[in-house]
Amino acid sequence: MPNEIGARRHPVVSVVIPCLDEETAIGKVVTAVLAQNVSEVVVVDGGSQDRTTERAEAAGARVIVVPRPGYGRAIQAGIAEAREDADIVVFLDGDGSDPAEFIPDLVSPIVAGQAVFVLGSRVRGSREPGSLAPQQLFAAYVVRMLLRLVYGASFTDLSPFRAIRRDELIHLGMKEETYGWNLEMLMRVAAARLPALEIAVGQRRRIGGVSKVSGNLIASVKAAWSISTTFVRLALELRAPRER
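An account of the accompanying structure is given in this report. (Residues numbered from 1 in each chain as written. Predicted model: local features only at pLDDT ≥ 70, side-chain atom pairs only at ≥ 80, totals over all residues. Heavy atoms only, no water.)

What follows is about the sheet that holds strand S6 (residues 162–165). Across the sheet, seven strands lie side by side as S3-S2-S1-S4-S6-S5-S7; this open sheet has mixed pairing. The open sheet terminates on both sides in strands that have one partner only, identified here as strand S3 (62–65) and strand S7 (196–200). Along the sheet, successive strands turn relative to each other by an average axial angle of 20°, direction set aside. As defined by bridge partners, strand S1 (residues 13–19) adjoins strand S4 (residues 88–91) across four bridges and the pair is classed as parallel. (Pairing = 2+ DSSP bridges. Helix = DSSP H or I, 4+ residues; strand = E, 2+ residues; numbered from the N terminus. Axes fitted to C-alpha atoms, helices over the stretch in contact; angles between N-to-C directions.)

Structure (structure tokens):
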């Protein structure tokens, strides 16, 4: 069972938010996240052409710009820039669809030593109409079946909204630079048999703009390809679970 962070001191929680052209939402998202008593918010901008960086900084985030494309690349850059003394890293999207008020529910099982990884499931809990596209629901179903079949894992979603102990995150050896990053983490957590939980968080409609994936057919195809190739590659690489 993982050590209790809260028994030592107040946990340092760094929140990483990758985003691109989210000027309508990002300020509200950063404000909502900071209201959850986190230690810092790191917004990773993928080269926005609008006022995303300006509004994120005005709301209290630390902003870094990674102009090279790649969802996983942006997240890895955010992890590298997080506080060195961070105990827990939380991830969520910058479009307002992930309910920030659930951050304490993601973090508390890790602080209490009940888990080292907690996933916020969008397909469980209250979902606003139109918040998840049919292809997102289908992807969640397929991934759920595959993870159960290959690893016996019970994750229900590919949600980007999640929390993990930073020391365990570093040991996972994350490599994916595309939209397959979220799946890679689930697979590595399952293969390593890390103590993990899932909570229902539901989903909201994005505050503004258009989804970079579900709102674009070409991007949806590319994301599906990235996720598929990630699963095949890691299923072969992680066939022998690491004993802990």
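Further notes follow.
Before going further, it helps to examine the packing of aromatic side chains. In the structure shown here, the tally under the stated rule is three aromatic pairs. Between phenylalanine 91 and tryptophan 181, the ring centres sit 5.3 Å apart and the planes meet at 65°, which makes this aromatic pair edge-to-face. Of the two residues, phenylalanine 91 sits in strand S4 while tryptophan 181 sits in helix H7 (residues 181–191), which places them 90 residues apart along the sequence. We note that phenylalanine 91, like tryptophan 181, is buried. (Phe/Tyr/Trp six-rings, centres within 6.5 Å; stacked < 30°, edge-to-face > 60°. Buried < 20%, exposed > 50% of the residue type's maximum accessible area, 1.4 Å probe, protein only.)

Regular strands show a simple pattern: their side chains alternate between the two faces of the sheet. Burial analysis of strand S2 (residues 40–45) places six of its six residues in the buried class, the great majority of the element. Going residue by residue along S2, you find Glu40, Val42 and Val44 tucked away on one face and Val41, Val43 and Asp45 tucked away on the opposite face as well. Bridge analysis of S1 against S2 gives six bridges, and the strand direction is parallel. Within S2, the position partnered with isoleucine 17 by the bridge is valine 43.

Structurally, valine 63 can be placed in strand S3. Considering only alpha carbons, one finds valine 63 and threonine 53, 10 residues apart in sequence, at a separation of 6.5 Å. Apart from the residues within four sequence positions on either side, valine 63 is in contact with Val43, Thr53, Ala56 and Glu57. (Contact = heavy atoms within 4.5 Å.)

With that settled, consider the environment of aspartate 85. Inspection of the secondary structure puts aspartate 85 in the loop between helix H3 (71–81) and S4. Sequence spacing of aspartate 85 and proline 11 is 74 residues, and the spatial spacing of their C-alpha atoms is 9.4 Å. In this structure aspartate 85 touches Arg9 and Val12, once residues within four positions along its chain are discounted. Here the side chain of aspartate 85 touches arginine 83 through a polar contact of 2.8 Å, side chain to side chain. (Polar contact = N/O pair within 3.5 Å; in protein donor to acceptor, adjacent residues only side chain to side chain.)

Moving on, we get to the nonpolar core. The nonpolar side chains of a soluble globular protein tend to be buried with one another. Ranked by size, the top nonpolar core spans 40 residues in total, and within it Phe91, Phe117, Leu147, Leu169, Met185 and Met187 carry the most contacts. A total of eight residues in this core trace back to one element, the largest contributor, which is H7. Not counting residues up to four positions away in its chain, the partners in contact with leucine 147 are Gly152, Ala153, Phe155, Leu186, Met187 and Phe231. Core analysis: the second largest hydrophobic core is formed by 31 residues, Ile5, Val15, Val43 and Val90 among them. (Core = buried A, V, L, I, M, F, W, Y, C linked by side-chain atoms within 4.5 Å.)

Position of aspartate 157 among the secondary structure elements: in the loop between helix H5 (134–151) and S6. Exposure remark for aspartate 157: the relative accessible area of 1% places this residue in the buried category. A distance of 2.8 Å separates polar atoms of two side chains, one belonging to aspartate 157 and the other to arginine 122. The residues contacting aspartate 157, other than those within four sequence positions of it, are Leu119, Gly120, Ser121, Arg122, Val123, Ala140, Leu186 and Glu198.

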